[in-house]
Amino acid sequence: MKRRQPHAGGAARVPNAVLGAAGLAAFLALGEVVPRLGIVKERYFPPTSRIAGALVDEIGERAFWTDLGDTLTGWALGLAIAVGAGIVAGVTVSVVPYLREATASTIEFLRPIPSVALIPLAVLLYGTELRSVLLLVVYASFWQVLVQVMYGVRDVDPVAEETARSYGLGTWARVRHVLWPTALPYVMTGVRLAAAVALILTVTAELVIGAPGLGARIAVAQASQAVPEMYALIVVTGLLGLLINVGARSVERHALAWHQSVRGEVAV
Amino acid sequence: MPTGRTRPNRGWVLLLRALFVVALPALLVAVWWLASDGSTNVYWPPLRTILKTFPDVWTGDRLRADLLPSLLRLLAGYAVAGVAGIALGTLIGSYRTVRAVCEPVLEFLRAVPPPVLVPVIMLFAGIGDTMKIAVIASGCVWPVLLNTVEGVRAVDSVMSETARSYGITGPARMRAVVLPAASPQIFAGLRQALSIGIILMVISEMFAASNGLGFTIVQFQRGFAIPDMWTGILVLGLLGFLLSVVLRLVERRVLGWYHGLRDSSRRSP
């Protein structure tokens, strides 16, 4: 028997999706009206319709798709390297006795260092090559994964760990059956955060260094005063970020289908 | 007759702990020093050279002319984002309808990589301090806002209803129930925001500036003053580290009750 949800009066509850769509529509309408009323100069902020037109034009350009491909390449490659390295390093540091303590200060020092500090070095070493992008992306994303893996391993239930040990499970068996399942939610969080950070740094490298990609395209549009095109490209970048976020959550949910936080509480 | 276990020597424990903290960094620096000594690679000068260059480059004058402006702009942008993010987040998180209406737009705005907003904000705000502060604020506000919304939304319903039945409403409820309950999430947002803020501080200065850390480092790079550039990278690294430490200290103070609670629940059987 499903419990009837109490609500005030007889008014039906408007679904969240409808409210969200209304909010989005209002946002777009606002974007159309504000510049037309002159509240903000059209030269700085074109109406939504002009941005949409520019977006359609961009999509028709071959160069746009090439740049999109470049951005995705840098992002995916950097993320893959960072995740692989982060998981290996995180598990190693957590499992080897005393290694966590020995490395703690170094990790705490290196982690907050902004990877944009490496931009000048990247420019000198690699110029506008893909490797400039990778240097920034891998450095920034690696820490997201490493830290989450370390949190995850530390979160292992001591009762479960000791039970496994007393049942005679060896080191690798405990890693596989106790440590990894416990750490997996954290790993997936690390991957999701790393994916977002990786995109930020990919686009940054393109904007600042001039490596090929959407970021460079935005910089060129700005330099040539192509304002609607610039906004259109920013929208694309935002949608890309949104897609990555949704994709990461989807992967996370799939990988954690067994986890109680995803399954939800058992219905009585 | 001695009773109980022999207590380990405290001094020895402290020494061992200090050794753990210092050993690896010292080892890494030593390796860097030895590996780079005698280096003739222009881009990887000896650490000896970099450290010798450091005091010449980062004089009191330069710290005042470049480091201080960067820090002030960062703090200004961060503060604006923090206040706006928490205020708006609390408002949005408190009402289901408002949250539902705003969610898609907020998710999109959060998904936009902050650096791509630099060109836009330059259009509106030129290339002065206002632009840089606006860039930092506009990038930092989203993690704070969204984490606050999530924290406010997730306030324990038992706690919330108990407060209501005791007649705690309005501002009192906000101050005594909602904000404390949401504060772990809020601090998570502030932590993310700090990382983004530093990135944007540097980037906004690399785009257009006449002072600041980002500007200075790029000038060194363009002038092929490589050891100087490396000292700039070190300064940025130190800055990131120190700001992170400061935030952690603030968090520890504000969330002392939270960490204490978690520690005790972790320990209990």
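Rules of the game
- Residues numbered from 1 in each chain as written.
- Chains lettered and ligands numbered in written order.
- Predicted model: local features only at pLDDT ≥ 70, side-chain atom pairs only at ≥ 80, totals over all residues.
- Heavy atoms only, no water.
- Helix = DSSP H or I, 4+ residues; strand = E, 2+ residues; numbered from the N terminus.
- Rg over C-alpha atoms; globule rule 2.2 N^0.38 Å.
- Buried < 20%, exposed > 50% of the residue type's maximum accessible area, 1.4 Å probe, protein only.
- Areas by Shrake-Rupley, 256 points an atom, 1.4 Å probe, with all protein chains shown as cover.
- Lys, Arg positive; Asp, Glu negative; His and termini not counted.
- Charge placed at Lys NZ, Arg CZ, Asp CG, Glu CD.
- Contact = heavy atoms within 4.5 Å.
- Buried area = accessible area lost by both parts, 1.4 Å probe.
- Salt bridge = Lys/Arg side-chain N within 4 Å of Asp/Glu carboxyl O.
- Nonpolar A, V, L, I, M, F, W, Y, C, P; charged D, E, K, R; others polar.
- Patch = residues over 30% accessible without salt bridge, like charges linked within 9 Å, V, L, I, M, F, W, Y side chains within 5 Å.
- Phe/Tyr/Trp six-rings, centres within 6.5 Å; stacked < 30°, edge-to-face > 60°.
- pLDDT = per-residue confidence, 0-100.
- Core = buried A, V, L, I, M, F, W, Y, C linked by side-chain atoms within 4.5 Å.
- Axes fitted to C-alpha atoms, helices over the stretch in contact; angles between N-to-C directions.
- Parallel < 35°, antiparallel > 145°, perpendicular 65-115°, else oblique.
- Left-handed = near helix turned anticlockwise from the far one by under 90°.
- Polar contact = N/O pair within 3.5 Å; in protein donor to acceptor, adjacent residues only side chain to side chain.

As for the overall build of chain B
Summing up its helical and strand segments, chain B has eleven helices and zero strands in all. Reading the helices (α) and strands (β) of chain B from amino to carboxyl end gives α-α-α-α-α-α-α-α-α-α-α. In terms of overall dimensions, chain B is more spread out than a globule: its C-alpha atoms have a radius of gyration of 24 Å, far above the 18 Å expected for 269 residues. Counting only residues that meet the buried cut, chain B has 42% of its 269 residues in that class. Of the roughly 14400 Å² of accessible surface on chain B, 66% is carried by carbon and sulfur atoms. Taken together, the 25 basic and 14 acidic charged side chains of chain B have centroids lying 9 Å from each other.

Points about the overall build of chain A
Along chain A, the regular secondary structure elements total eleven helices and zero strands. For chain A, whose C-alpha radius of gyration is 24 Å, the value lies well above the compact-globule estimate of 18 Å for 268 residues. Reported as C-alpha extents along the three principal axes, the dimensions of chain A are approximately 75 × 70 × 30 Å. By the burial criterion, 44% of the 268 residues in chain A qualify as buried. Across chain A, contacts joining residues at least 24 apart in sequence account for 71% of those joining residues at least 6 apart. When the accessible area of chain A is evaluated, it comes to approximately 14100 Å², of which 65% is carbon and sulfur surface.

Some details on unusual backbone geometry
In the Ramachandran plot, Q225(A) falls in the positive-phi region, its phi being about 60 degrees despite a non-glycine side chain. Its place among the elements puts Q225(A) in the loop between α9 (214-223) and α10 (227-255). Of note in this structure, F224(B) is not a glycine but carries a positive phi near 55 degrees. Of note, F224(B) is situated in the loop between α9 (213-222) and α10 (226-254). For F224(B), a relative accessible area of 54% puts it in the exposed group.

Brief notes about the interface of chain A and chain B
If you look at the interface, chain A gives 55 residues, while chain B gives 50 residues. Taken together, both faces of the contact between chain A and chain B bury some 4700 Å²; the carbon and sulfur share is 78%. Our count for the contact surface shared by chain A and chain B stands at one salt bridge. Here E108(A) and R248(B) are joined by a salt bridge, their closest N and O atoms 2.9 Å apart. Looking at the side of chain A that touches chain B, the elements that each hand over two or more residues are α1 (16-36), α4 (99-110), α5 (119-126), α8 (171-209), α9 and α10 of chain A. Considering only residue class, the side of chain A that touches chain B consists of 37 nonpolar, twelve polar and six charged.

Structural notes on the pattern of salt bridges
Within the structure shown, the criterion is met by twelve salt bridges over all chains. Each of the salt bridges in this network shares a partner with another, and the network as a whole consists of E58(A), D67(A) and R217(A).

Things to note about a nonpolar patch on the surface
Residue and element names in this part refer to chain B. A grouping of W12, L15, L16 and L19 is seen on the molecular surface, where their side chains present a nonpolar patch of about 450 Å² in accessible area. Along the chain, the position of W12 falls in helix α1 (residues 10-36). W12 sits in the exposed class, given a relative accessible area of 55%.

Some points on the packing of aromatic side chains
Going through the model one piece at a time under the given rule, you end up with seven aromatic pairs over all chains. Each member of the aromatic cluster is reached from another via a ring pair, and the members are Y139(A), F142(A) and W143(A).

With respect to the environment of G77(B)
Residues and elements named next belong to chain B. Take G77: it is sitting in helix α3 (residues 60-94). For G77, a relative accessible area of 0% puts it in the buried group. Along the chain, G77 and I133 lie 56 residues apart, while their C-alpha atoms are 4.7 Å from each other. When residues no more than four places from it in sequence are discounted, the contact partners of G77 are I133, I136 and A137.

Things to note about the environment of F207(B)
Here F207(B) is to be found in helix α8 (residues 170-207). For the pair F207(B) and K132(B), spaced 75 residues apart in sequence, the C-alpha separation works out to 9.9 Å. Excluding its chain neighbours within four sequence positions, the residues that come into contact with F207(B) are L207(A), V208(A), Q222(A), V118(B) and M122(B).

Structural notes on the confidence of the model for chain B
With 96% of its residues at a pLDDT of 70 or more, chain B has an overall mean of 82. Here helix α11 (residues 256-267) of chain B stands out as the least confident element of chain B, with mean pLDDT 73; helix α6 (residues 129-153) of chain B is the most confident, with 88.

Describing the nonpolar core
Counting residues in each nonpolar core, the largest one holds 127 residues, and the members touching the most others are L201(A), M230(A), M201(B), L213(B), M229(B) and L236(B). Of all the elements, α8(A) adds the most residues to this core, at 18 residues. The residues contacting M229(B), other than those within four sequence positions of it, are P120(A), L121(A), L124(A), I217(B), F220(B) and Q221(B).

Section: the packing of α1(A) against helix α4 (residues 96-111) of chain B
At their nearest, the axes of α1(A) and α4(B) sit 7 Å apart, and the two run at 55 degrees to each other. Viewed along their axes, α1(A) and α4(B) adopt a mutual orientation that is oblique. Here α1(A) and α4(B) pass one another in a crossing that is right-handed. Across the interface between the two elements, N16(A), L19(A), G20(A), G23(A), L24(A) and F27(A) of α1(A) pack against R96(B), T97(B), A100(B), V101(B), P104(B), V105(B) and L109(B) of α4(B).

Description of the side chain of E206(A)
Residue and element names in this part refer to chain A. Mapped onto the elements, E206 comes out in helix α8. There is a polar contact of 3.0 Å between the side chain of E206 and the side chain of T71. A distance of 2.8 Å separates a polar side-chain atom of E206 from the backbone nitrogen of G215. The residues touching E206, leaving out its near neighbours within four places in the chain, are D70, T71, A211, P212, G213, L214, G215 and A216.

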